[in-house]
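# Per-entry structural report
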Amino acid sequence: MFDYSKQIEDFYKEKINLSEDFKNKLYDHRKANRERLIARLPDRIEGISISNSSFKPQGSMAVNTIIQTRFPEEEYDIDDGLILNRAELKDKDGNELTHEFVRESVKKSLEDKRFSRQPKFCTNCIRVFYADEDEEKHHVDFPVYRWYEKDGSIIRELANKDEWIVSDPTQVNSWFNNEVQVRNNQTQGKGTQFRVLIKLLKRFCRSRREWDLPNGMKLTMLVAECQPKYSIRIDEAFYNLVVGLEARLDDSLVIKNLAHPDQPEITKTFNDQNMSDLHTKLKLAYEKLQALNDLDCDKEKARKIWDWIFKTDGFFDNIDDDNENINSESIARSTPSKPVDYQGGGRFGCL
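Residues numbered from 1 in each chain as written. Predicted model: local features only at pLDDT ≥ 70, side-chain atom pairs only at ≥ 80, totals over all residues. Heavy atoms only, no water.

## Brief notes about the overall build of the chain
To keep things clear, this is the line we draw: Each helix is a run of DSSP H or I of at least 4 residues and each strand a run of E of at least 2, with the numbering of both proceeding from the N terminus. Only protein chains enter the accessibility calculation, which uses a 1.4 Å probe; a residue is then buried when its area is under 20% of its type maximum, exposed when over 50%, and partly exposed in between. Residue contacts are defined here by distance: any two heavy atoms, one from each residue, within 4.5 Å place the two residues in contact. With residues, only the protein chains shown are counted as cover, and all accessible areas are computed by Shrake-Rupley using a 1.4 Å probe. In this tally, Lys and Arg are treated as positive and Asp and Glu as negative; His is ignored, and so are the chain termini. Charged groups are reduced to one reference atom each: NZ for lysine, CZ for arginine, CG for aspartic acid, CD for glutamic acid.
Counting its regular elements, the chain contains eleven helices and eight strands. Its C-alpha atoms give the chain principal-axis dimensions of roughly 85 × 45 × 40 Å. For the chain, with 351 residues in total, the buried portion stands at 46%. Sequence-distant contacts in the chain: of pairs separated by 6 or more residues, those separated by 24 or more amount to 66%. About 18,600 Å² of surface is accessible on the chain, with carbon and sulfur atoms providing 45% of the total. In the chain, 55 side chains carry a positive charge and 63 a negative one; their mean positions are 2 Å apart.

What follows is the structure, given as structure tokens:
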């Protein structure tokens, strides 16, 4: 298979991963809202205890599978669960506070005159908006939980729009981090590559505006099921992932919740439309990727194939042109020397 791993590594670093500066900006906005809640919520719910330990980050930001947005209408989503002690959620007469009252108190505590849009209720959270009109458009979601002890176990319940429902904000993170550790213990770098493959698959699924494919949770579960053996070459690893996914979806379009085995499947039916669409797109990707194995496959052909997969907006063209210019200059300056073996691929497991 033609080696195009270096170019994909560079694309991953520059166009899929979030920069540290932007991550820090998102974290700063999360921190500012935490501080609002710590300072203001006790004024609305008397006797409540709240500190930084009351917050549990969730979602792709928490497990580092968030990727850069591609289109202006997309926005970054930061989830930060707020967990409160049920014993403290009572009025002056000792009556338990309703889920509506607690949600309203959190929303009011987050409001700030400096926001161009004030926080709003969503089904399972309170949403705070930032940067509505540029490439850094994002929001911070605060799902609100209460905890209590029952029969020696800690129970956590989410305040959704209708009621308190049992929900553990820490279980997905724990499952994911354990998966990374177990896979790294099996093969050095495999757990790290597990995370990278999720990001690459997300980019493939979000590469076209007109595609409406499964969300990050579904894609994460699929990669957890179908991750191929570790390869030092990320192009080989992703190729083998596509092969495995296409075969997996041939067999079934249903996705189980591996983080919550006791809960129903993530898919709503045996043939969700977005899962059927994903299967169709993966079949097409599989067909195109086969040409990488042709004996006459060269850099230009490989570039066109991988550009179809990720829609890089000229990134692969530019990087190949730059590399050719560098190689030409190097050859012009160099003196003849003994040939060395080409090892191929990059140390992608270290990214």
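Next comes the rest of the description.
## What to know about the pairing of strand β7 (residues 153–159)
Let me state the cut-off plainly: At least two DSSP bridges between two strands are required for those strands to pair.
Bridge count for strand β6 (residues 144–150) against β7 is six bridges, and the pairing is antiparallel. What sits directly across from Y145, in β7, is L158. Joining the antiparallel neighbours β6 and β7 is a turn of two residues, in which D151 adopts a positive phi near 55°. In this structure, β7 lies alongside strand β8 (residues 164–166), joined through three bridges in antiparallel fashion.

## Focus on the layout of surface pockets
Put simply, the rule is: Cavity and pocket criteria rest on a 1 Å grid covering protein atoms alone: a 1.4 Å probe that fits but cannot get out defines a cavity, protein on both sides within 12 Å along at least 5 of 7 lines defines an open pocket, and an atom within 4 Å of a point defines a lining residue. Grid points are joined across faces, edges and corners, and a volume is the space filled by probe spheres set on the points.
Empty space within the largest pocket amounts to approximately 1,700 Å³. As for the largest pocket, its lining consists of 48 residues, of which G59, D77, D79, N215 and M217 are closest to the centre. Every element with two or more residues in the lining of the largest pocket is listed here: α3 (59–63), β2 (76–85), β8, α5 (171–186) and α7 (216–226).

## A word on the state of the cysteines
What counts, and what does not: A pair of sulfur atoms, both from cysteines and within 2.5 Å, is called a disulfide here.
Per the counting criterion, the structure on display carries zero disulfides. With no disulfide partner, C226 has as its closest neighbouring cysteine sulfur the one in C205, 13 Å distant. In this structure C226 comes out as buried when scored by relative accessible area, which is 13%.

## Quick word on helix α9 (residues 273–289)
Counted only if it meets this: The length a helix should cover is 1.5 Å for every residue beyond the first. Think of the arc as the fan of directions from the helix axis to the C-beta atoms.
When the terminal C-alpha atoms of α9 are compared, their 24 Å separation across 17 residues agrees well with the 24 Å that a helix rising 1.5 Å per residue should span. All buried positions along α9 are accounted for by N274, M275, L278, H279, L282, A285 and L289. End-on, the buried residues of α9 take up no more than an arc of 145°, which puts them together on one face. Those residues of α9 that are exposed and angled more than 90 degrees off the buried face are Q273 and E287. On its buried side, α9 packs onto α6 (190–205), α7, α8 (234–251) and α10 (299–310).

## A short note on the packing of α9 against α10
What counts is decided by this rule: The angle between two axes is taken between their N-to-C directions and runs from 0 to 180 degrees, where each axis is a line fitted to C-alpha atoms and a helix contributes only its stretch in contact. Our angle categories are set so that under 35 degrees counts as roughly parallel, over 145 as roughly antiparallel, 65 to 115 as roughly perpendicular, and the remainder as oblique. Classification used: nonpolar for Ala, Val, Leu, Ile, Met, Phe, Trp, Tyr, Cys and Pro, charged for Asp, Glu, Lys and Arg, polar for all others including Gly.
Two elements in contact, α9 and α10, have axes whose closest approach is 10 Å; the angle formed by their N-to-C orientations is 170°. Here α10 runs roughly antiparallel to α9, going by the angle between their axes. Seen from α9, the contacting residues are K281, L284, A285, K288 and L289; seen from α10, they are I305, W306, W308 and I309. Looking at the contact of α9 with α10, its residues break down into seven nonpolar, no polar and two charged.

## A look at the confidence of the model for the chain
The predicted structure's coordinates, where accompanied by low pLDDT, should not be read in detail. The criterion, for reference: pLDDT: the predictor's confidence for each residue, scored from 0 to 100.
The pLDDT averaged across the chain works out to 91; a share of 91% of its residues lies at or above 70. In this model, residues 328–351 is a region of pLDDT below 50 whose contacts with residues beyond four sequence positions or in other chains number 21 contacts.

## Let's talk about the pattern of salt bridges
We apply this condition: A carboxyl oxygen of Asp or Glu within 4 Å of a side-chain nitrogen of Lys or Arg is what we treat as a salt bridge.
Under the criterion given, the structure shown has 31 salt bridges. A salt bridge links E35 to K31; the shortest N-O distance between them is 2.6 Å. One end of the pair is E35 and the other is K31, both in helix α2 (residues 20–44) and four residues apart, which spans about a single turn. Residue K31 is classed as partly exposed on the basis of its relative accessible area, which comes to 48%.

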